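# Summary of structural features
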Amino acid sequence: METCLTPLQEVSDIKDIAGGQLAKWPERLTTIPTRILSGSLEGITVEDFEKDAELWKKRVATYKAYDHQLAEKGRYRNLLDMNSHLGGFAAVLIDDPVWVINVMPVEAKVNTLGVIYERGLIGTYQNWCEAMSTYPRTNDFIHADSIFSLYRDRCDVEDILLEMDRILRPLGSIILRDDVDILSDIKSITDGLQWETRMADSEGGLHAREKLLFAVKMYWTSSPTPASADQQEGESKTAS
């Protein structure tokens, strides 16, 4: 269980607050987290945090320009961010009536779940090569930033896509952000899942390798073949 915990920073004085003093809500959402201020997260600086916050403002604005339903308040309620990093996606949506579950993949290079907690957001760990516990709800919307690049050579793409399909409600939406080659391969699979998909440029523009794949999980049922339909009709007449 200890490996699943996100410990507070140690202090040397009994009067000090473990983890540092947190700002009041809602200021804590944009305040530099104490883990970053203290330098306890390798490779993540205050400047990185500020750049990440501005980057996600641009990214979410791009999402809403493409997906008008995301821009429509109340259309989505339960959102899942499969690779949350510093929680920037959820932070930008704070004024929308949505519930965002931030996920920290256990394979990520830096464990930033503590930053997500310090910002006043909710989150959890997950290995996306395995099934996720979703009781008691499924999701209206899934956001996946570079998740397939992260899990390349770790498990099959089909397994992750099938898990996404399972935890997404019919007519729910997905935004995938990744390298164009990866998304092109994924699109051929999602068509078989009966997802309605379209590729688009990211905010980086036409020449950026990072692209967006927008998808909607269609509501469908298997229909009987003409032969089976005729057989059912014949059985009905015989019975009458």
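To start, this report covers the structure provided alongside it.

Cut-offs and rules
- Residues numbered from 1 in each chain as written.
- Predicted model: local features only at pLDDT ≥ 70, side-chain atom pairs only at ≥ 80, totals over all residues.
- Heavy atoms only, no water.
- Helix = DSSP H or I, 4+ residues; strand = E, 2+ residues; numbered from the N terminus.
- Buried < 20%, exposed > 50% of the residue type's maximum accessible area, 1.4 Å probe, protein only.
- Contact = heavy atoms within 4.5 Å.
- Areas by Shrake-Rupley, 256 points an atom, 1.4 Å probe, with all protein chains shown as cover.
- Axes fitted to C-alpha atoms, helices over the stretch in contact; angles between N-to-C directions.
- Parallel < 35°, antiparallel > 145°, perpendicular 65-115°, else oblique.
- Left-handed = near helix turned anticlockwise from the far one by under 90°.
- Nonpolar A, V, L, I, M, F, W, Y, C, P; charged D, E, K, R; others polar.
- 1 Å grid on protein atoms, 1.4 Å probe; cavity = no way out; pocket = protein on both sides within 12 Å on 5 of 7 lines; lining within 4 Å.
- Points joined across faces, edges and corners; volume = space filled by probe spheres on them.
- Salt bridge = Lys/Arg side-chain N within 4 Å of Asp/Glu carboxyl O.
- Patch = residues over 30% accessible without salt bridge, like charges linked within 9 Å, V, L, I, M, F, W, Y side chains within 5 Å.
- Expected span 1.5 Å × (residues − 1).
- Polar contact = N/O pair within 3.5 Å; in protein donor to acceptor, adjacent residues only side chain to side chain.
- Core = buried A, V, L, I, M, F, W, Y, C linked by side-chain atoms within 4.5 Å.
- Phe/Tyr/Trp six-rings, centres within 6.5 Å; stacked < 30°, edge-to-face > 60°.

Take the overall build of the protein next. On a plain count of helices and strands, the protein comes out with 10 helices and seven strands. Buried residues in the protein amount to 40% of all 240 residues. Pairs at least 24 apart in sequence give 63% of the contacts found in the protein among residues at least 6 apart. Carbon and sulfur atoms make up 52% of the accessible area of the protein, which totals about 13800 Å².

Next up on the list: the packing of helix α8 (residues 157–167) against helix α9 (residues 180–192). At their nearest, the axes of α8 and α9 sit 11 Å apart, and the two run at 50° to each other. In terms of orientation, α8 and α9 fall into the oblique class. The two elements α8 and α9 cross, and the hand of that crossing is right-handed. Two secondary-structure elements touch here, α8 through V157, E158 and L161 and α9 through I186, I189 and T190. A per-class count over the contact of α8 with α9 returns four nonpolar, one polar and one charged.

Take the layout of surface pockets next. It is a probe the size of a water molecule, rolled over the atoms, that shows where empty space is left. What the largest pocket holds in volume is close to 250 Å³. Here the residues of the lining of the largest pocket are counted per class, giving four nonpolar, four polar and two charged.

Moving on to the pattern of salt bridges. For the coordinates displayed, the defined rule picks out 15 salt bridges. Its salt-bridge partner being R209, residue D181 comes within 2.7 Å of it at the nearest N-O pair. Taken as a pair, D181 in helix α9 and R209 in the loop between β6 (195–201) and β7 (210–217) lie far apart in primary sequence, 28 residues in all. For K187, the salt bridge is made with D191, and the minimal N-O distance between the two is 3.8 Å. With K187 and D191 both in helix α9 and four residues apart, this pair spans about one turn of that helix.

A cluster of nonpolar side chains, L171, M218, Y219 and W220, forms an exposed patch at the surface whose accessible area comes to about 460 Å². Residue classification places M218 among the partly exposed residues on the basis of a relative accessible area of 31%.

Next up on the list: α9. In this model α9 runs 19 Å from its N-terminal to its C-terminal C-alpha over 13 residues, within 8% of the 18 Å that 1.5 Å per residue would give. When we look at burial in α9, the residues that qualify are I182, L183, I186 and T190. Against α7 (147–150), α8, β5 (168–179), β6 and β7 lie the buried residues of α9. Residue D179 occupies the N-cap position of α9, its side-chain oxygen lying 3.0 Å from the main-chain nitrogen of D181. Q194, located one to two residues past α9, shows a positive phi value of around 65°.

Here the focus is the nonpolar core. If you look at soluble globular proteins, the nonpolar side chains tend to sit buried side by side. Of all hydrophobic cores here, the largest spans 25 residues; its most connected members are M82, W128, F148, M164 and L176. Of all the elements in the fold, those that place two or more residues in this core are β4 (139–145), α7, α8, β5, α9 and β7. Ranked by residues supplied to this core, first place goes to α8 with four residues. Those residues in contact with W128 that sit more than four places away from it in its chain are L80, M82, V103, P105, I147, Y151, I160, E163 and I167.

In the structure shown here, the tally under the stated rule is five aromatic pairs. A centroid spacing of 5.2 Å and a plane angle of 50° characterise the contact between Y76 and F141, whose relative ring orientation is tilted. With Y76 in the loop between α4 (68–71) and β1 (78–81) and F141 in strand β4, the pair connects residues that are 65 residues apart, well separated along the chain. Of the two residues, Y76 and F141, both sit in the buried class. The interplanar angle of 10° and the centroid separation of 6.4 Å between the aromatic rings of F89 and F141 together place this pair among those described as stacked.

Shape is all these values report; function is a separate question.
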